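# Summary of structural features
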Amino acid sequence: GDSKIDLLIGGMTCASCVHRIESHVMSLRGVESCSVALATSSATVEFSPTIIGPRDIIERIQNLGYSAELAS
Ligand code: 9UX
C-alpha cells in the first residue's frame with residue numbers, strides 16, 4: 001500500500017475480536033492489509049490513500065463496538 005497507519009484498539013477481549021476486526025477492515029475498498037494484535041491492542045492497516053483514509057477506517061472499527069485511535 002501507499003500509506004500505512006498504526007492504531008490503538010480498545011475493547012478487544014478474545015481472539016475472535018482480532019479476526020472480526022481484520023475481516024471487516026479488509027472488506028473496505030482501498031484497504032490492502034490489516035493486521036490486528038490482541039497482546040498490544042493495536043492494528044496496522046495499509047491502504048490506498050486515493051480510495052480510503054484513516055478516518056473511514058477508524059469509524060468502521062468503532063462501528064463494530066471498539067475504540068480506535070491513531071497510535072502515533
Ligand atoms: Mo470474543 Mo470480541 O467472544 O468482540 S469476539 S469478545
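For the structure itself, look to the data block above.
Each chain has its residues counted from 1, following the order in which its sequence is written. Residue-level local features of this predicted model are given only where pLDDT is at least 70; pairs of side-chain atoms are given and counted only at 80 or more, and the full residue set underlies all totals for whole chains, interfaces and linings.

### Some words on the nonpolar core
Ranked by size, the top nonpolar core spans 16 residues in total, and within it Ile9, Ile21, Val25, Ala43, Val45, Ile57 and Ile61 carry the most contacts. Looking at this core, the elements with two or more residues in it are β1 (3–10), α1 (15–26), β2 (31–37), β3 (42–47) and α2 (54–63). Once residues lying within four places of it in the same chain are set aside, the contact partners of Val45 are Ile5, Leu7, Val25, Val31, Cys34 and Ile57. The term nonpolar core refers to a group of buried residues, namely Ala, Val, Leu, Ile, Met, Phe, Trp, Tyr and Cys, whose C-beta atoms join them within 7 Å. Every C-beta atom is placed from the backbone, and the number of other C-beta atoms within 10 Å of a residue's own sets its class: buried at 20 or more, exposed at 12 or fewer, partly exposed in between. Elements are defined by DSSP. Helices are runs of H or I of four residues or more, strands are runs of E of two residues or more, and each kind is numbered from the N terminus. Working definition of a contact: two residues with C-beta atoms, positioned from the backbone, lying within 7 Å.

### As for the sheet that holds β1
The strands making up a sheet associate through backbone hydrogen bonding, with each pair oriented either parallel or antiparallel. Judged by pairing direction, the sheet is antiparallel, and its four strands sit side by side in the order β2-β3-β1-β4 without closing on themselves. Bordering the open sheet on either side are β2 and β4 (67–70), each of which pairs with just one other strand. Direction aside, neighbouring strands of the sheet carry axes that sit 25 degrees apart on average. Two strands qualify as a pair provided DSSP detects at least 2 bridges between them. Two strands pair when backbone bridges link them, and β1 and β4 are joined in this way by four bridges, in the antiparallel orientation. For every element, the axis is a line fit to its C-alpha atoms; helices are fit only across the contacting stretch, and the angle between N-to-C directions ranges from 0 to 180 degrees.

### Remarks on the pairing of β3
Regular strands place their side chains on alternate faces of the sheet. Here β3 shows a buried face lined by Ala43, Val45 and Phe47 and an unburied face lined by Ser42, Thr44 and Glu46. Taken together, the six bridges between β1 and β3 define a ladder with antiparallel strand orientation. Within β3, the position partnered with Ile5 by the bridge is Val45. As defined by bridge partners, β2 adjoins β3 across six bridges and the pair is classed as antiparallel. Across the sheet, Ala37 pairs through a bridge with Ser42, a residue of β3. The antiparallel hairpin formed by β2 and β3 contains four residues in its connecting segment, where Ser41 sits at a positive phi of about 50 degrees.

### A look at unusual backbone geometry
Leaving glycine aside, a negative phi is the common case for residues, and trans is the common case for peptide bonds. The phi angle at Ser41 is positive, at roughly 50 degrees, despite the residue not being glycine. Tracing the chain through its elements places Ser41 in the loop between β2 and β3. A residue is classified by how many C-beta atoms lie within 10 Å of it, and Ser41, with 17 of them, is partly exposed.

### What about the site of the ligand?
Any residue whose backbone-placed C-beta atom lies within 6 Å of a molecule or strand is treated as near that molecule or strand. As a matter of local geometry, the ligand sits amid Thr13, Cys14, Ser16, Cys17 and Arg20. The residue makeup of the shell around the ligand, split by class, is two nonpolar, two polar and one charged. Here the term charged refers only to Asp, Glu, Lys and Arg, the term nonpolar to Ala, Val, Leu, Ile, Met, Phe, Trp, Tyr, Cys and Pro, and the term polar to all other amino acids, Gly among them.

### Some details on the environment of Ala15
Relative to the assigned elements, Ala15 resides in helix α1. Take Ala15: there are 10 C-beta atoms within 10 Å of it, and that puts it in the exposed class. C-alpha of Ala15 to C-alpha of Gly53: the two residues are 38 residues apart in sequence and 26 Å apart in space.

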